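Summary of structural features
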Amino acid sequence: MTLSEIVESLSCEVFTGNDQLHMRVEFGCASDLMSDVLAFSQAGALLLTGLVNNQTVQTAYIAEIKAIVFVRGKKPSREVISLAQDKKIPLLGTPYSMYEACGLLYKKGLVPTMVCVPFKA
Amino acid sequence: MDKAFSQIYKIQGGNIYNAGKASTEIKSILKQLGINSFIIRRVAIAAYEAEMNVVMYAKHATMTFEVTPKQINIIVEDEGPGIADVSLAMQEGYSTATPEMREMGFGAGMGLPNIKRNSDSFKIESVVGKGIKLEIKININ
């Protein structure tokens, strides 16, 4: 689905990336733990998170997350938005809770991506 | 073997908020060098986890980043408390993180295991009270 469709489905505010709303994402993941995003996400995913700081954007850049949706009405600071602009990662914000936002997107066909297979050191 | 590229980064411990500069720069360099994006992601994740570990636990470190025709090497040598029980730290979920680290989305006990998972060769040497040396190698082919 496109980011425009996500904006519509989740009543999103677009903090940055208005020019990238045609971007398509095929799968999503959700976590407040960036450690888990780094360990379990796949390149090209949409990330839903309640964590609104620089490390969310840095993690997204490192893990090749295509776009970020902040849940629970959280708003990024100007500094976070500017970092995202620099990395060309669209930032959206929805008033829905993480659970509801995931459910709505799942229902519309955005499939999961996290592969949480236990790893032995 | 000829070195195609080599760079040394200094990482300061303490400021979690702005951490990640070295690894994001490494990622940009690898993109410019035209390395396969699957490999870049593995290197970037390993480098970022290692950088975050320095910022969260050590005083400072040097991160040496090398690209050779066959592999990418990252060596991180920090000055800090070291790890008393390395095998415990290698277990997923084991963490000594502070609430501040957890607020930034880290400290889930995934760092070292995730570095190992993204590496083709991974070595860790720790001296308690002195520091840690990580050697990460990721094959290009």
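Here the structure is a predicted model, which means the values were calculated and not measured.

A few words on the sheet that holds strand E3 (residues 46–49) of chain A. All names here are of chain A. Sheet architecture is open: six strands sit in the order E1-E5-E4-E3-E2-E6, paired in mixed fashion. Edge positions in the sheet fall to strand E1 (13–16) and strand E6 (111–112), since each of these pairs with one other strand and no more. Judged from the three bridges that link them, strand E2 (residues 27–30) and E3 form a sheet pairing that is parallel. Residue pairing for E3: alanine 30 is matched across the bridge by leucine 48. The sheet strands contacting helix H3 (residues 54–62) are E3, strand E4 (67–70) and strand E5 (91–93), and the helix crosses E4 at an angle near 150°.

Below, the discussion takes up the nonpolar core. Counting 66 residues, the largest nonpolar core has Ile65 and Leu91 of chain A together with Leu30, Met63, Phe65 and Ile72 of chain B as its most contacted members. Ranked by residue count, the leading element in this core is helix H2 (residues 37–57) of chain B, at 13 residues. Leave out the neighbours within four places in its chain, and methionine 63 of chain B touches Gln7, Ile8, Tyr9, Ile11, Ala22, Ile26, Ala47, Ala50, Glu51, Ile74, Ile75 and Val76 of chain B. Core analysis: the next-biggest nonpolar cluster, separate from the first, contains 19 residues, Leu48, Val69, Leu92 and Met98 of chain A among them.

On the chain B side, the residues contacting the 28 residues of chain A number 31 residues. Here chain A packs against chain B, burying approximately 2400 Å² in sum over the two surfaces, 54% of which is carbon and sulfur. Between the two partners, chain A and chain B, sit one salt bridge. Note that glutamate 64 of chain A and lysine 27 of chain B form a salt bridge whose closest N and O atoms lie 3.1 Å from each other. In this structure, the connection of chain A to chain B is made through 15 residue pairs in polar contact (both at pLDDT 80 or more). Where the side of chain A that touches chain B is concerned, the elements lending two or more residues are helix H2 (34–40), H3 and helix H4 (78–87) of chain A. Of the residues assigned to the side of chain A that touches chain B, the class counts are 14 nonpolar, nine polar and five charged.

A few words now on the sheet that holds strand E5 (residues 131–139) of chain B. Residue and element names in this part refer to chain B. Ordered in space as E1-E2-E3-E5-E4, the five strands form an open sheet in which the pairing is antiparallel. Every other strand in the sheet has two partners, leaving strand E1 (5–12) and strand E4 (121–127) as the edge strands with one partner each. Neighbour-to-neighbour, the strand axes of this sheet turn through a mean angle of 10°, independent of strand direction. Strand direction decides the pairing type here: E4 and E5, joined by seven bridges, are antiparallel. In the strand pairing of E5, valine 127 is matched with glycine 131. Sitting on the sheet, helix H1 (residues 21–32) is in contact with E1, strand E2 (60–67) and strand E3 (71–79), with an inclination near 10° to E2.

The next thing to look at is the state of the cysteines. All names here are of chain A. Using the criterion set out here, one finds zero disulfides over all chains in the structure. Free cysteine: cysteine 102, not disulfide-bonded; nearest cysteine sulfur from cysteine 29 at 9.0 Å. For cysteine 102, a relative accessible area of 27% translates into the label partly exposed.

The rules behind these values
- Residues numbered from 1 in each chain as written.
- Chains lettered and ligands numbered in written order.
- Predicted model: local features only at pLDDT ≥ 70, side-chain atom pairs only at ≥ 80, totals over all residues.
- Heavy atoms only, no water.
- Pairing = 2+ DSSP bridges.
- Helix = DSSP H or I, 4+ residues; strand = E, 2+ residues; numbered from the N terminus.
- Contact = heavy atoms within 4.5 Å.
- Axes fitted to C-alpha atoms, helices over the stretch in contact; angles between N-to-C directions.
- Core = buried A, V, L, I, M, F, W, Y, C linked by side-chain atoms within 4.5 Å.
- Buried < 20%, exposed > 50% of the residue type's maximum accessible area, 1.4 Å probe, protein only.
- Buried area = accessible area lost by both parts, 1.4 Å probe.
- Salt bridge = Lys/Arg side-chain N within 4 Å of Asp/Glu carboxyl O.
- Polar contact = N/O pair within 3.5 Å; in protein donor to acceptor, adjacent residues only side chain to side chain.
- Nonpolar A, V, L, I, M, F, W, Y, C, P; charged D, E, K, R; others polar.
- Disulfide = S-S within 2.5 Å.

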